[in-house]
Amino acid sequence: MFGATGSVGQSAVDLIARDLDSYDVVALTGGRNIAKLASDAIALRANLAVTCYPDCYDELKDALSGTGIAVAAGDTAIAEAATHHVDWALSAIIGSAGLVPGMTALEHGTTLALANKESLVTAGPLLMARAKAAGATILPVDSEHSAVFQALVGEDMAAVERVIITASGGAFRDWPKDQLATATLAQASSHPNWDMGQRITIDSASMFNKAMELIETKEFFGVPSSMIEVLVHRESLIHAMVGFNDGALMAHVGPPDMRHAIGYALHWPDRKHLPVERLDLAKIGSLTFEAPDEDRYPALALARFVMETGGLAGAVFNAAKERALDGFIAGDIGFLQMSAVVAGTLDKMSSGDGLQLRDMTLDSVLEADRLARIYAGEIMKKLG
Ligand code: NAD
Ligand code: MG
């Protein structure tokens, strides 16, 4: 389980811990929260615990001494953990750091439950091709994509006319537009419906999360930008809908609890009992829908550009977004400047030999990611 100590990772730990005798846990990975990584490795009886930070190695080794659980540290050790022959792996690392471990797991034929949307945004065609070549399965864990996946069971893709992913609108959905520039880190870090990690919560307020999910939809399901819509749905109960050529819309409805999507991927192709709330729709009464305000959320137009451009545009978009988000969290740039940084980076890297002309390889993707972070940093300096 990659990224076991994060928000998604902890939901997965919860599901596995409830039914421990059914699983043989091979490896857990995490970051600086060594106490949690160690205690979960013990609780889930894992064989191996890995932190991505080499300077945390000694602390992890001490925490697990005498348990018989092997310990490792660093990016290479995380990727190595993905070479173990296992039936199922969860990729719940945040950011493009999830790409190499995900690619490695697929190469070894592992069924990959993919929460790490950045790897699809950054290198969707590579990831999908790697899965195909290895005969490995990718199961979406992002709630919207799990919902689309479930709505498509038994259906023919040729009959699909549109895919609608819903968005809560995030923390600022009711703010006057002219106040968005003043939004603080604390204000952007609280979500109206979902309890998630800080980075994705801020991305929800800016709709960069939904922008990433548009690209994720294109890459995972192979549908063009023109067939994918975003719908603001404040209640976050319908996660996605698929529209068919006979006019039917299949909607996936469920509580905003990541344990549903994780559990679906864990038990797929079966359904098993999950400890999530059962919705009382009579009590809920009504569900609301609105078109997204593209002026309020420039990230959506940037995602359309990325989907239409293809090639390395996704890698550049994701890396610039991650860098801009670091800058917003550090207080270097304002909330609205995040989209300006991403737009400026895409613009800069679209010129010259462009984004489309280069072959997509893991090396070209990683190089585009590296350059985009440098350009985004330069743009941020000018803005700050
Ligand atoms: P998080 O920040 O809570 O946890 C991230 C995990 O990744 C932690 O275990 C951390 O130690 C690890 N990590 C961080 N940097 C790393 C690196 N460089 N190398 C290896 N490991 C590293 O994040 P999260 O909210 O759980 O999100 C995880 C992924 O799932 C993201 O891609 C996110 O977009 C996606 N996702 C999250 C939710 C949610 O409810 N939180 C919903 C849908 C999709
Ligand atoms: Mg989502």
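For the structure itself, consult the block above.
This write-up is about the structure you can find in this document. Keep in mind that what you see is a predicted model, and the values were worked out from it rather than measured. (Residues numbered from 1 in each chain as written. Chains lettered and ligands numbered in written order. Predicted model: local features only at pLDDT ≥ 70, side-chain atom pairs only at ≥ 80, totals over all residues. Heavy atoms only, no water.)

1. Things to note about the pairing of strand S5 (residues 111–114)
Of the two faces of S5, the one lined by Thr111 and Ala113 and the one lined by Leu112 and Leu114 are each fully buried. Handedness of the strand S4 (residues 88–91)-helix H5 (residues 99–107)-S5 crossover: right-handed. (Buried < 20%, exposed > 50% of the residue type's maximum accessible area, 1.4 Å probe, protein only. Helix = DSSP H or I, 4+ residues; strand = E, 2+ residues; numbered from the N terminus. Right-handed = clockwise from strand over helix to strand, strands pointing away.)

2. Quick word on the nonpolar core
Core analysis: the largest hydrophobic core is formed by 125 residues, its most contacted members being Met1, Leu28, Phe317, Phe335, Met338 and Leu346. Looking at which element gives the most residues to this core, the answer is helix H14 (residues 313–329), with 9 residues. If we ignore the near neighbours within four places in the chain, the residues touching Leu346 are Leu302, Phe305, Val306, Ala313, Val316, Phe317 and Leu355. (Core = buried A, V, L, I, M, F, W, Y, C linked by side-chain atoms within 4.5 Å. Contact = heavy atoms within 4.5 Å.)

3. Topic: the coordination of the magnesium ion (ligand 2)
Within the first shell, the magnesium ion (ligand 2) binds the protein through Asp142 (OD), Glu144 (OE) and Glu213 (OE), at distances of 2.1 to 2.2 Å. All donors to the magnesium ion (ligand 2) come from one chain, and their sequence spacing reads D-x1-E-x68-E. Of this pair, Asp142 sits in the loop between strand S6 (138–140) and helix H7 (143–151) while Glu213 sits in helix H10 (residues 208–221), placing them 71 residues apart in sequence. Neither residue differs from the other here; Asp142 and Glu213 are each classed as buried. (Donors = N, O, S within 2.8 Å, 3.2 Å for Na, K, Ca; no water.)

4. With respect to the side chain of Ser236
Within the element layout of this structure, Ser236 appears in the loop between strand S8 (228–232) and strand S9 (238–244). The buried category is assigned to Ser236, whose relative accessible area is 5%. The residues contacting Ser236, other than those within four sequence positions of it, are Ser168, Asn193, Trp194, Gly254 and Pro256.

Function cannot be inferred from these measures alone, as they are strictly geometric.
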